[in-house]
Amino acid sequence: MSEIKKTSKNKKTVVILAALVVVIAAAVVIWLTVGNNKSEDSPAATGTGDTKSLEQTFYIYDTVVNIKVFGDTVKQKNMDDIQAMLERMDIEFSRTKTNGELYAVNQAAGKQAVAVSDETLDIVKLSLKYAEEMDGLYDPTIGPLVDLWAIGEGGERVPDQAAIDKARSLTNYKDVIVDEAAKTVKLAKEGMVLDMGGIGKGYAADRIADYLKAQGLNSAMINLGGSSIIALGNKPNGSQWNIGLQDPDQSRGTQLGTIKITDEVIDASGVYERFFMQDGVRYHHILDPRTGFPSQNGLKSITIMSPNATDADALSTGVFLMGLEEGMKYLEALPEKVEAFFITNDNKIYATSELKKRLNLTDPTYSFAN
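Rules behind the numbers
Residues numbered from 1 in each chain as written. Predicted model: local features only at pLDDT ≥ 70, side-chain atom pairs only at ≥ 80, totals over all residues. Heavy atoms only, no water. Helix = DSSP H or I, 4+ residues; strand = E, 2+ residues; numbered from the N terminus. Buried < 20%, exposed > 50% of the residue type's maximum accessible area, 1.4 Å probe, protein only. Contact = heavy atoms within 4.5 Å. Areas by Shrake-Rupley, 256 points an atom, 1.4 Å probe, with all protein chains shown as cover. Pairing = 2+ DSSP bridges. Axes fitted to C-alpha atoms, helices over the stretch in contact; angles between N-to-C directions. Core = buried A, V, L, I, M, F, W, Y, C linked by side-chain atoms within 4.5 Å. Polar contact = N/O pair within 3.5 Å; in protein donor to acceptor, adjacent residues only side chain to side chain. Salt bridge = Lys/Arg side-chain N within 4 Å of Asp/Glu carboxyl O. Expected span 1.5 Å × (residues − 1). Arc of directions from axis to C-beta. Phe/Tyr/Trp six-rings, centres within 6.5 Å; stacked < 30°, edge-to-face > 60°. Lys NZ or Arg CZ within 6 Å of the ring centre and 35° of its normal.

Asker: Just give me the short version of the overall build of the chain, but keep the residues and values in it.
Answerer: Helix and strand counts for the chain come out as 10 helices and 19 strands. Counting across all 370 residues of the chain, residues that qualify as buried make up 53%. Counting contacts in the chain only where the partners sit at least 6 residues apart, residues at least 24 apart contribute 62% of the total. Per element, the accessible surface of the chain, about 16100 Å² overall, is 49% carbon and sulfur.

Below is the structure:
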């Protein structure tokens with residue numbers, strides 16, 4: 001018998017259970033060291049005692065979003081603006097919400113181009129740029145394979161090969177036609193499905209950070225479900241944010257180490273987020289468009305650190321699929337400052353050169369291998 005993590009008989013129950021799991025267990029691959037412990041290194045502690053702050057939690061993008069902003073000029077309108085921004089993007093970029101722009105593009109696949117907003121046009125163009133740079137390992141047209149496997153949405157067995165082959169034939173970022181002048185997007189083949197899940201949270205996190213900086217608010221912690229975390233500036237006392245790094249094998253909230261960051265993004269992907277077991281094999285949600293199957297390359301997780309959340313989001317998928325050796329070479333060769341560490345199935349940590357110096361491991365289960 002197959003067994004699945006996060007399964008349900010109906011979609012409504014899945015959403016409710018997912019929300020509860022995230023809220024109660026902090027369902028993230030990375031977690032912030034916050035809560036009742038107001039230690040000096042906790043992002044929840046101001047260190048000054050008199051700096052004004054606002055904190056709000058939203059349930060959006062099928063996940064829990066927590067935002068805490070520090071500054072004497074911060075006000076509730078800032079949180080209201082952010083909520084409106086998130087709700088707008090949640091609809092625009094959703095492939096399941098019938099009033100969304102991406103949904104309309106997918107419904108018109110193989111038929112006609114669809115006019116979209118500047119925001120949707122921007123994220124689609126970015127997704128195609130990442131796909132080209134990573135030679136299709138990150139592919140925004142992965143939707144047919146995501147729908148077929150349905151991992152985390154009730155899927156609990158390996159699809160037959162014919163179905164996988166059909167879904168793969170509809171997965172090709174080169175078949176997305178963007179007309180910038182007309183502001184339209186068209187999918188060349190009927191049955192294609194654009195899916196912004198690979199960069200949607202990162203894109204939203206960047207837009208929130210841009211908004212806060214434009215408002216003169218330069219100290220904040222932006223956490224979109226744990227998969228995209230931005231530390232904006234420093235804490236009000238001038239010290240860096242101290243982030244706990246989630247142990248992918250243990251119950252949520254157990255950390256393998258810590259790292260201090262300023263104006264930086266942390267983004268992670270791992271095989272323990274959503275998966276099912278069949279015949280002793282773990283089938284997780286990180287699908288390889290080359291094979292149509294979840295990747296089996298000896299990696300448990302990858303954590304990307306970058307100045308830009310959208311970049312980090314895309315890289316966490318594409319570089320994971322590259323595997324350890326190729327992924328490390330790819331990251332080290334990038335012109336921009338991007339750091340990462342990989343965790344392999346034998347609990348070894350491989351970190352890019354600069355990041356290794358910054359990681360403070362606290363769990364003896366893990367050790368550096370390079």
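So much for the structure itself; the text now carries on.
Asker: Help me get a handle on unusual backbone geometry, residues and values and all.
Answerer: If you check the backbone angles, Tyr61 has positive phi at about 60 degrees while not being a glycine. Within the secondary structure, Tyr61 sits in the loop between strand E3 (53-60) and strand E4 (63-70). Note on Tyr61: relative accessible area 13%, which makes it buried. One non-glycine residue, Lys183, adopts positive backbone phi at about 55 degrees. Following the sequence through the fold, Lys183 ends up in the loop between strand E6 (176-179) and strand E7 (184-187).

Asker: Describe the sheet that holds strand E5 (residues 114-115), and please don't skip the residues or the numbers.
Answerer: Working definition: the strands of a sheet are paired by backbone hydrogen bonds and lie parallel or antiparallel to each other. Sheet architecture is open: 3 strands sit in the order E5-E7-E6, paired in antiparallel fashion. In the strand order of this sheet, the two ends are held by E5 and E6, each with one partner. Note that E5 and E7 share 2 bridges and pair antiparallel. The residue bridging Ala115 from the neighbouring strand is Thr184, located in E7. Most of the contacts of helix H4 (residues 118-133) go to E6, to which it runs at about 130 degrees, and overall it touches E6 and E7.

Asker: Tell me what's going on with the nonpolar core, and back it up with residues and numbers.
Answerer: Core analysis: the biggest nonpolar cluster contains 70 residues, and Ile67, Val124, Leu194, Ile208, Leu212 and Leu331 have the highest contact counts within it. Among the elements that line this core, the one with the most residues is helix H8 (residues 309-322), at 8 residues. Sequence-distant contacts of Leu194, defined by excluding residues within four places in its chain, comprise Arg95, Leu102, Val105, Asn106, Val124, Pro140, Thr141, Val176, Val185 and Leu187. Judged by nonpolar contacts, the second largest core, of 19 residues, contains Ile243, Leu245, Ile266 and Tyr366.

Asker: Give a description of the pairing of E7 that names residues and reports values.
Answerer: Along a regular strand, successive side chains alternate from one face of the sheet to the other. One ladder, built from 4 bridges, connects E6 with E7; its direction is antiparallel. Opposite Val178, over in E7, you have Val185 as the bridge partner.

Asker: Which residues make up the side chain of Ser295, and what are the values?
Answerer: Relative to the assigned elements, Ser295 resides in the loop between strand E14 (281-284) and strand E15 (299-306). A polar side-chain atom of Ser295 sits 3.2 Å from a polar atom in the side chain of Asn297. When sequence neighbours within four positions are dropped, the list of residues in contact with Ser295 reads His284, Ile286, Phe320 and Leu321.

Asker: Account for the environment of Thr63, naming residues and giving values.
Answerer: Tracing the backbone shows Thr63 in strand E4. As a C-alpha pair, Thr63 and Gly226 span 163 residues in sequence and 9.1 Å in three-dimensional space.

Asker: Lay out the sheet that holds E3 with the relevant residues and their values.
Answerer: Overall, mixed pairing links the 9 strands, which are arranged E3-E4-E8-E9-E12-E15-E16-E17-E19 in an open sheet. Each edge of the open sheet is held by one strand with a lone partner, namely E3 and strand E19 (367-368). Sheet topology places strand E16 (residues 339-344) next to strand E17 (residues 348-351); 3 bridges connect them, and they run antiparallel. The residue of E17 that forms the bridge with Ile343 is Ile349. The sheet contacts of helix H9 (residues 324-333) involve E15, E16 and E17, and relative to E16 the element is tilted by about 175 degrees.

Asker: So what's going on with the pattern of salt bridges? Which residues, and what values?
Answerer: Within the structure shown, the criterion is met by 14 salt bridges. We note a salt bridge from Lys68 to Glu55, for which the minimum N-O separation is 3.9 Å. Residue Lys68 is found in strand E4, and its partner Glu55 is found in strand E3; the two are separated by 13 residues along the sequence. Among the salt bridges present, the one from Asp175 reaches Lys189, with a minimum N-O distance of 3.8 Å.

Asker: Can you lay out helix H2 (residues 76-92) for me, pointing to particular residues and giving the numbers?
Answerer: Structurally, the α-helix is built with 3.6 residues per turn, so residues lying three or four positions apart point the same way. Along its 17 residues, H2 runs 24 Å from first to last C-alpha, staying within 8% of the 24 Å computed at 1.5 Å per residue. All of the buried residues in H2 are Asn78, Met79, Ile82, Met85, Leu86, Met89, Asp90 and Glu92. For H2, the angular spread of the buried residues around the axis is 165 degrees, confining them to a single face. The secondary structure elements touched by the buried residues of H2 are E3, E4, helix H3 (101-107), H4 and helix H7 (200-214).

Asker: Quick one: what's the story with the packing of aromatic side chains, residue by residue and with numbers?
Answerer: Under the definition given, this model contains 8 aromatic pairs. Seen in terms of ring centroids, Phe276 and Tyr283 are 5.4 Å apart; in terms of plane orientation they differ by 25 degrees. Their pairing is stacked. Side by side, Phe276 and Tyr283 carry an identical accessibility label, which is buried. Its guanidinium or amino end placed over the ring of Tyr272, Arg282 lies 4.1 Å from that ring's centre, counting from NZ or CZ.

Asker: Give a detailed account of the pairing of strand E8 (residues 219-224), specifying residues and quantitative values.
Answerer: Of all 6 residues that make up E8, 6 are buried, and the element is covered over most of its length. Burial along E8 is two-sided: the face carrying Ser219, Met221 and Asn223 and the face carrying Ala220, Ile222 and Leu224 are both buried. Direction of pairing for E4 relative to E8: antiparallel, over a ladder of 6 bridges. In the sheet register, Val69 faces E8, and the bridge partner there is Ala220. Looking at chain direction, E8 and strand E9 (residues 228-232) are connected through 5 bridges and run antiparallel. Looking across to E9, one finds that Ala220 is bridged to Leu232. Linking E8 to E9, which pair antiparallel, is a turn of 3 residues; within it Gly225 sits at a positive phi near 65 degrees.

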